[in-house]
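The primary structure of each chain is shown beneath.
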Amino acid sequence: MEKVIEITGLTKRFGAGENEALIFDGADLTIEKGSFVSLTGASGSGKSTLLYMIGGLDRDFQGEIRIGGQSITGMNDSQLSALRSLHLSYVFQFYNLVANLSVEENILLPVELSGRRTKDYMDRLESLLELTGLTAKRKNLPSQLSGGQQQRCAIARAVLTEPEILLADEATGNLDRVSGEEIMKLFTRLNQEKGITILHVTHSDECAAYGNRIVKLVDHKLIDV
Ligand SMILES: Nc1ncnc2c1ncn2[C@@H]1O[C@H](COP(=O)(O)OP(=O)(O)OP(=O)(O)O)[C@@H](O)[C@H]1O
Ligand SMILES: [Mg+2]
């Protein structure tokens, strides 16, 4: 199987001297293409930090992180941003939609900002509106949507360019149980139908169970449970 994320000997600290906090201590993790991985672990153990490091947003670590076979250590900012736009997309707990743009305008925004032609993405837009159940809400503003619908809009925006890997940080953390389940079902379909590799952080056992693999951050290491 093709390895899309390979982490070896990852060591990460915040602070220095007596304020130093060890977050990772020689952690390893390999994620294969097409897998759906749930990442769990205590609050403050370093799950969000790991997602930032995978995207090269926090580069202050020892060890190696390879994305799509390429080591991100030693990449400059423009190489990293090219790698991100080719391979990675993020979804967060708070949806970060633009308040004065409609659902479909929000979904198309990253394509527009990157200078690509939105026309080329119309078929994918239709298919994602359908998949996320937002077709009837396409002209609505985020404030006119439920939390679950706003998160589904944010996910459609994240996958419009068909990234290889979707990194989600507590995407259901702000939602009720039913809306959370809808998000997990959407992740399952994106994984199975579009082949997107998913690494999602969750505090919920129910949400974690949707993954085909559960990894726990414990004692500064990443272990399969
Ligand atoms: N920029 C920073 N400077 C110093 N310490 C930090 C910084 N960012 C995070 N930390 C610390 O690193 C540890 C890991 O934080 P992180 O946000 O990755 O945890 P988490 O597992 O995502 O927690 P939660 O489940 O609550 O979201 C925490 O103790 C946090 O206080
Ligand atoms: Mg976190």
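All figures in this text were calculated on a predicted structure; none of them were measured in a lab.

Glancing now at the overall build of the protein chain. A tally of regular secondary structure across the protein chain gives seven helices and 10 strands. Its C-alpha radius of gyration of 18 Å places the protein chain within 12% of the 17 Å reference for a compact globule of 225 residues. Among the 225 residues that make up the protein chain, the fraction classed as buried is 37%. Contacts in the protein chain between residues at least 24 apart in sequence constitute 69% of all its contacts with a sequence separation of at least 6.

With respect to spatial proximity, the complete set of residues near ligand 1 consists of Phe14, Gly15, Ala21, Ile23, Gly41, Ser43, Gly44, Ser45, Gly46, Lys47, Ser48 and Thr49. Those elements that provide at least two residues to the shell around ligand 1 are strand 2 (21-32) and helix 1 (47-54). Element by element, the count of residues in the shell around ligand 1 is highest for helix 1, at three residues.

Right, let's talk about the sheet that holds strand 9 (residues 213-218) for a bit. One open sheet accounts for six strands, arranged 6-7-8-3-9-10; its pairing is mixed. Of all strands in the sheet, those with a lone pairing partner are strand 6 (88-91) and strand 10 (221-224), marking the two edges. Each strand axis lies, on average, 20° off the axis of its neighbour in the sheet, ignoring direction. Taken together, the five bridges between strand 7 (residues 165-169) and strand 8 (residues 197-201) define a ladder with parallel strand orientation. Paired with leucine 166 across the two strands is isoleucine 198, which belongs to strand 8.

Turning our eyes to something else, we now look at the sheet that holds strand 2. Ordered in space as 2-1-4-5, the four strands form an open sheet in which the pairing is antiparallel. Since the sheet does not close on itself, it has two edges, and those belong to strand 2 and strand 5 (70-71), each with one partner. Alignment of strand 1 (residues 3-14) against strand 2, held across nine bridges, turns out to be antiparallel. Bridging from a neighbouring strand, arginine 13 pairs with leucine 22 of strand 2.

Below, the discussion takes up the environment of aspartate 58. Relative to the helices and strands, aspartate 58 is located in the loop between helix 1 and strand 4 (62-67). Using a count of 15 C-beta atoms within 10 Å as the deciding quantity, one classes aspartate 58 as partly exposed. C-alpha of aspartate 58 to C-alpha of isoleucine 165: the two residues are 107 residues apart in sequence and 18 Å apart in space.

This next bit is on the pairing of strand 6. Covered by surrounding structure in strand 6 are Leu88 and Tyr90 together with Ser89 and Val91, the residues of both alternating faces. Judged from the four bridges that link them, strand 6 and strand 7 form a sheet pairing that is parallel. Within strand 7, the position partnered with tyrosine 90 by the bridge is leucine 167.

What counts and what doesn't
Residues numbered from 1 in each chain as written. Chains lettered and ligands numbered in written order. Predicted model: local features only at pLDDT ≥ 70, side-chain atom pairs only at ≥ 80, totals over all residues. Helix = DSSP H or I, 4+ residues; strand = E, 2+ residues; numbered from the N terminus. Rg over C-alpha atoms; globule rule 2.2 N^0.38 Å. Buried ≥ 20, exposed ≤ 12 C-beta atoms within 10 Å, placed from the backbone. Contact = placed C-beta atoms within 7 Å. Near = placed C-beta within 6 Å. Pairing = 2+ DSSP bridges. Axes fitted to C-alpha atoms, helices over the stretch in contact; angles between N-to-C directions.

These figures come from the coordinates and say nothing about function on their own.
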